[in-house]
Amino acid sequence: MLTLSTFAAQSLPQDQRLGAWSAFLAPLKCTVVADAASTGFAATLNAAITPWRFALARIDISAQRLIFDTRALSNGLWLLQVADGNGTLKTERGTVAFEKGDLLYGKTAREMVLTSLSHVRLNCAYFPRSGPGVRLASVPTASVASSLVVEHGSTSFLADLMQSAADKIGRISSDEIRPLETAITEFLFAAVFSASAARCVIDGSAAKNALVLRATQLLEAQLPDCELSPSSAAQQLGISVRYLQKLFEEAGENVNHYIRRRRLERAYEELMDSLYFQQSIAEISFRWGFNDSAYFSRAFRELFGLSPSQHRDSWRWHETASSRAEASRRPPRAVSLAARSA
């Protein structure tokens, strides 16, 4: 079930705003530090949270400090788009400043302190280490946060998508959130490996970095092809298989393992998506390059700790429970006068 949360301090008397805002954020393990006497205090939040904890939010606040206890969100990844204002983000790893136009991402720390130095409007996304978020588990990040250059192609698309998603948070349906999460995840992954984080892949060689990125993009585009292999990829790149393997090893990866892991991650996403519930597990595994269903099941269990059928059944249960909960909250349909007369 998709949970939508909203808060608007401006609808309350001035002397009640800070207290109401603090009470609203308390269940989210967030403490507010602000000047209660300030006549300019403002706080608005719109959020959409899925049962698997992927979240989209827009936060619009005046100068204040928000202290988040994020221990329960360990190993996840966040994305922050600064639509307006400036401030700082602090964790036990250090502090980073942000300003209007910035697009930042990072791994969750035990505690995160967001300080707005003026009026700030932020579009945010949180990716748990499950579902499409599995794709981001290996994304390299700086100690606190990494920035993306918005002028780059993939990052520009990502920025537009985040802005559009934040504008529509209150109108997002349960059916729309999954493809939206997948799209944001894919654009973020592409942006990371085509922009600022590219320098972190292999230190000291821009040429090697560029080649690894080309190889990664080629492999991603051909994952459904069961004939994809290090040999075919090396041939298309115009390099030897041995050199391709060496490049990936220097980046902390193995070509064969990368191909298998990414195929399994894409199958994982589709098995939990109601759009594909009518397709068999075998059909989904074949679509992502697996010719042997038994091998696919073994590899899936090895990576995710459960079988493909167990994974799918758990999400079918979630979808059914969500549908029943939504139906129970709907008001009874009105009966027309004509029907009652009959």
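Residues numbered from 1 in each chain as written. Predicted model: local features only at pLDDT ≥ 70, side-chain atom pairs only at ≥ 80, totals over all residues. Heavy atoms only, no water.

A. View of the overall build of the protein. Along the protein, the regular secondary structure elements total 11 helices and 12 strands. Counting over 342 residues, the protein shows a buried share of 45%. Put simply, of all contacts in the protein between residues at least 6 apart along the chain, 70% involve residues at least 24 apart. Carbon and sulfur atoms form 53% of the exposed surface of the protein, whose accessible area is close to 17,000 Å². (Helix = DSSP H or I, 4+ residues; strand = E, 2+ residues; numbered from the N terminus. Buried < 20%, exposed > 50% of the residue type's maximum accessible area, 1.4 Å probe, protein only. Contact = heavy atoms within 4.5 Å. Areas by Shrake-Rupley, 256 points an atom, 1.4 Å probe, with all protein chains shown as cover.)

B. Examining the pattern of salt bridges more closely. This model, assessed by the stated rule, comprises 10 salt bridges. Put simply, Arg262 and Glu220 hold a salt bridge, and the shortest N to O gap is 2.7 Å. On the criterion of sequence distance, the pair formed by Arg262 in helix α7 (residues 255-271) and Glu220 in helix α4 (residues 206-221) is long-range, its members being 42 residues apart. Of the two residues examined, Arg262 and Glu220, each falls in the buried class. Each of Glu220, Glu253, Arg261, Arg262 and Glu265 takes part in salt bridges that share partners, so that together they form one network. (Salt bridge = Lys/Arg side-chain N within 4 Å of Asp/Glu carboxyl O.)

C. Here's a closer look at the nonpolar core. Of all hydrophobic cores here, the largest spans 58 residues; its most connected members are Leu56 and Leu79. Not counting chain neighbours up to four residues away, the residues in contact with Leu79 comprise Leu103, Leu104, Tyr105, Asn123, Cys124, Ala125, Phe127, Leu158, Met162, Ile184 and Leu188. Counting 30 residues, the second largest nonpolar core, distinct from the first, contains Leu25, Ile61, Leu80 and Leu114. (Core = buried A, V, L, I, M, F, W, Y, C linked by side-chain atoms within 4.5 Å.)

D. Structural view of the confidence of the model for the protein. Averaged over all residues, the pLDDT of the protein equals 83, while 84% of them reach at least 70. Of all the helices and strands in the protein, helix α11 (residues 337-341) carries the lowest mean pLDDT, 34, while strand β4 (residues 55-61) carries the highest, 96. Low pLDDT (under 50) marks residues 329-342, which in the prediction has 2 contacts with non-local residues, meaning those over four places away or in another chain. (pLDDT = per-residue confidence, 0-100.)

E. Summary view of the sheet that holds strand β1 (residues 3-8). Read across the sheet, 7 strands follow the order β1-β3-β4-β11-β6-β9-β12 without closing on themselves; strand pairing throughout is antiparallel. Here the strands that pair on one side only, and so sit at the sheet edges, are β1 and β12 (146-147). Across 7 bridges, strand β6 (residues 77-84) lies against strand β11 (residues 120-127) in antiparallel orientation. Bridge pairing in β11 places Asp84 opposite Arg121. Packing against the sheet, helix α1 (residues 14-25) makes contact with β1, β3 (43-49) and β4, and its axis sits at approximately 165° to β1. The sheet contacts of helix α2 (residues 153-167) involve β4, β6, β9 (103-107) and β11, and relative to β6 the element is tilted by about 80°. (Pairing = 2+ DSSP bridges. Axes fitted to C-alpha atoms, helices over the stretch in contact; angles between N-to-C directions.)

F. The packing of aromatic side chains, seen in detail. Under the criterion given, the structure shown has 12 aromatic pairs. Pairing Phe7 with Trp21 gives two aromatic rings, centres 5.1 Å apart and planes at 35°, and the pair type is tilted. Here Trp21 lies in helix α1 and Phe7 lies in strand β1, a separation of 14 residues in the sequence. Across the pair, exposure class does not vary: Phe7 and Trp21 are buried alike. By the ring-pair criterion, three or more aromatic residues cluster together here, those being Tyr268, Phe290, Tyr295, Phe296, Phe300 and Phe304. Taking NZ or CZ as reference, Arg178 lies 3.8 Å from the ring centre of Trp52, over its face. Its guanidinium or amino end placed over the ring of Phe189, Arg262 lies 6.0 Å from that ring's centre, counting from NZ or CZ. (Phe/Tyr/Trp six-rings, centres within 6.5 Å; stacked < 30°, edge-to-face > 60°. Lys NZ or Arg CZ within 6 Å of the ring centre and 35° of its normal.)

G. Structural view of unusual backbone geometry. Notably, Lys29 is not glycine yet its phi reads approximately 60°, a positive angle. Its location among the elements puts Lys29 in the loop between α1 and β2 (30-33). According to the relative accessible area criterion, Lys29 is exposed, its value standing at 55%. One non-glycine residue, Arg53, lies in positive phi territory at about 80°. Inspection of the secondary structure puts Arg53 in the loop between β3 and β4.

H. Layout of the environment of Asp102. One can find Asp102 in the loop between β8 (94-99) and β9. C-alpha separation for the pair Asp102 and Asn86, spaced 16 residues apart in sequence, amounts to 9.4 Å. Beyond its immediate stretch of four places on either side in the chain, Asp102 contacts Leu80, Gln81, Val82 and Ala97. A polar side-chain atom of Asp102 sits 2.9 Å from the main-chain amide nitrogen of Glu99. (Polar contact = N/O pair within 3.5 Å; in protein donor to acceptor, adjacent residues only side chain to side chain.)

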